[in-house]
Amino acid sequence: MSGEPHILLVDDARDIRDPLAQYLGKNGLRVTKAADAAEARQVLAAHAIDLVLLDIMMPGEDGLSLAGFIRATSGIPVILLTAKAEETDRIVGLELGADDYVTKPFSPRELLARIKAVLRRSDGAGRPVHAPDAEAYGFGPWVLRTGERELVGGDGVSVPLSTGEYNLLFAFVTHPKRVLTRDQLLDLSQGRELAAFERSIDNHISRLRRKVEADPSDPKLIKTIWGGGYMLAAEVRRL
């Protein structure tokens, strides 16, 4: 990543949006503000954004809908800004592929630390730092392309992955048929910062299964090893 990371801050509350943008700007980040989802979509179409700070509760299109759009169309990391009472929305947001969340009222210093942690796991375009330039791993009907950070199905269609989902899947394909504990997966996927999330690995596994398994309720590729962790049961082919 070169230059200042470009952050899109989406929040309809000006008394939060403006001082937060000023604080982040003083701490080495370039910030573009948006008051609603419609404005945010215009910014996303016009600029190369490295990370989105996204309020869940907004008039019109809410933050969860916008988060789903971002995840379906890009690998841009998303941090949700949520109220304490929005636990269900936070869970839905994580299942949609958000990379982190911060509960209001929050410390700007803590938020800055979380932004830096998420950016460390990506190169500013949703691509993991540790990915080789161009390798491909085949497993089952899927191919994971590290250069493009793409998961491609047998029909040739690319399936969007969040930064956390990609890093976790990369850990699996580079350690196939091995039981990996949650701690090992956190370390291997450079996701130690995610440890603050209760059962964060389980959330990522659940999302991955919905994308790669024919029947997520009866997984054949990513298996749960009770008392141990998880295992990619498929043979992995280097392509």
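The coordinates are above.
The shown structure was predicted, so the numbers you read here are calculated from the model rather than taken from an experiment.

Participant: Could you give an account of the nonpolar core, naming the residues involved and the relevant values?
Facilitator: One finds Phe139, Leu144, Leu151 and Phe172 to be the most contacted residues of the largest nonpolar core, which totals 26 residues. Breaking this core down by element, the ones donating at least two residues are strand 6 (136-139), strand 7 (142-145), helix 6 (163-173), helix 7 (182-188), helix 8 (200-212) and strand 11 (229-232). For this core, the leading source of residues is helix 6, giving seven residues. Leave out the neighbours within four places in its chain, and Leu151 touches Phe139, Trp142, Val143, Leu144, Val157, Ser158, Val159, Leu161, Leu169 and Val212. Core analysis: the second largest hydrophobic core is formed by 20 residues, Val43, Leu44, Ile56 and Leu64 among them.

Participant: Hey, could you go over the sheet that holds strand 2 (residues 30-34) for me, with residue numbers and the actual values?
Facilitator: Pairing between sheet strands relies on hydrogen bonds along the backbone, with the strands arranged either parallel or antiparallel. The five strands lie next to each other as 2-1-3-4-5, forming an open sheet whose pairing is parallel. With one partner strand each, in any of the chains shown, strand 2 and strand 5 (100-104) form the two edges of the open sheet. Taking each pair of neighbouring strands and ignoring which way they run, the sheet shows an average axis angle of 20 degrees. Where strand 1 (residues 6-10) and strand 2 come together, five bridges link them in parallel fashion.

Participant: Break down the packing of aromatic side chains for me, with residues and values.
Facilitator: Overall, the coordinates contain two aromatic pairs when judged by the stated rule. With a centroid separation of 6.1 Å and 85 degrees between ring planes, the pair formed by Tyr137 and Phe170 is classed as edge-to-face. Placement of Tyr137 in strand 6 and of Phe170 in helix 6 is noted, with a sequence separation of 33 residues between them. Since its relative accessible area comes to 5%, Tyr137 is described here as buried.

Participant: Let's hear about the sheet that holds strand 8 (residues 150-152): which residues, and what values?
Facilitator: The sheet built from five strands is open, its strands ordered 9-8-7-6-12 with antiparallel pairing. Where the open sheet ends on each side, the last strands, each with one partner, are strand 9 (158-159) and strand 12 (236-238). Pairing analysis gives two bridges linking strand 8 to strand 9, with the strands arranged antiparallel. Its bridge partner lying in strand 9, Leu151 is registered against Val159. Each of strand 6, strand 7, strand 8 and strand 12 touches helix 6; the most contacted strand, strand 7, lies at about 110 degrees to it.

Participant: Explain the pattern of salt bridges to me, using residue names and the numbers behind them.
Facilitator: For the coordinates displayed, the defined rule picks out 16 salt bridges. Note that Lys33 and Asp18 form a salt bridge whose closest N and O atoms lie 3.0 Å from each other. Placement of Lys33 in strand 2 and of Asp18 in helix 1 (residues 14-26) is noted, with a sequence separation of 15 residues between them. Taking relative accessible area as the criterion, Asp18 reaches 27% and is therefore assigned partly exposed. The shortest N-O distance in the salt bridge between Arg207 and Glu165 comes to 2.7 Å. Of this pair, Arg207 sits in helix 8 while Glu165 sits in helix 6; the two residues are 42 residues apart in sequence, bridging distant segments of the chain. There is no split in this pair, since Arg207 and Glu165 are both buried. Each of Arg14, Arg17, Asp18 and Lys33 takes part in salt bridges that share partners, so that together they form one network.

Participant: Any chance you could break down helix 5 (residues 108-120) for me, citing the residues and the numbers?
Facilitator: Here helix 5 contains 13 residues, and its C-alpha end-to-end distance of 18 Å stays within 8% of the 18 Å for a straight helix at 1.5 Å per residue. Taken together, the buried positions of helix 5 are Leu111, Leu112, Arg114, Ile115, Ala117, Val118 and Leu119. Considering only its buried residues, helix 5 is in contact with strand 1, helix 1, strand 3 (51-55), strand 4 (78-83) and strand 5.

Participant: If you had to explain the environment of Gly164 to someone new, which residues and values would you point to?
Facilitator: Examined against the element boundaries, Gly164 turns out to sit in helix 6. Classification of Gly164 as buried rests on a relative accessible area of 11%. Separated by 64 residues in the primary sequence, Gly164 and Asp100 have C-alpha atoms spaced 9.5 Å apart. Residues in contact with Gly164, not counting those within four places in the same chain, are Asp99 and His204.

Criteria and thresholds
Each residue is numbered by its place in its chain's sequence as written, counting from 1. Side-chain atom pairs in this predicted model are given and counted only at pLDDT of 80 or more, local residue features only at pLDDT of at least 70, and totals for whole chains, interfaces and linings cover all residues. Processing note: side-chain calculations cover all non-hydrogen atoms of the structure and skip hydrogens and water entirely. Within this scheme, the nonpolar core is defined by two criteria: the residues are buried Ala, Val, Leu, Ile, Met, Phe, Trp, Tyr or Cys, and they are joined through side-chain atoms within 4.5 Å. Buried means the residue's accessible area, taken with a 1.4 Å probe over protein chains only, is under 20% of the maximum for its type, while exposed means over 50%, and partly exposed covers the values in between. Helix numbering and strand numbering both begin at the N terminus, where a helix is a DSSP run of H or I of at least 4 residues and a strand a DSSP run of E of at least 2. Contacts are assigned to residue pairs with any non-hydrogen atoms lying within 4.5 Å of each other. One requirement defines pairing of two strands: DSSP has to find at least two bridges between them. Lines fitted to the C-alpha atoms define the axes, with helices restricted to the stretch that makes contact. Angles between their N-to-C directions range from 0 to 180 degrees. Two aromatic rings, drawn from Phe, Tyr or Trp (for Trp, its six-membered ring), form a pair once their centres lie within 6.5 Å of each other, and the interplanar angle then sorts them: stacked below 30 degrees, edge-to-face above 60, tilted otherwise. Put simply, a salt bridge is a Lys or Arg side-chain nitrogen that is within 4 Å of an Asp or Glu carboxyl oxygen. For a helix, the expected span equals 1.5 Å multiplied by the residue count minus one.

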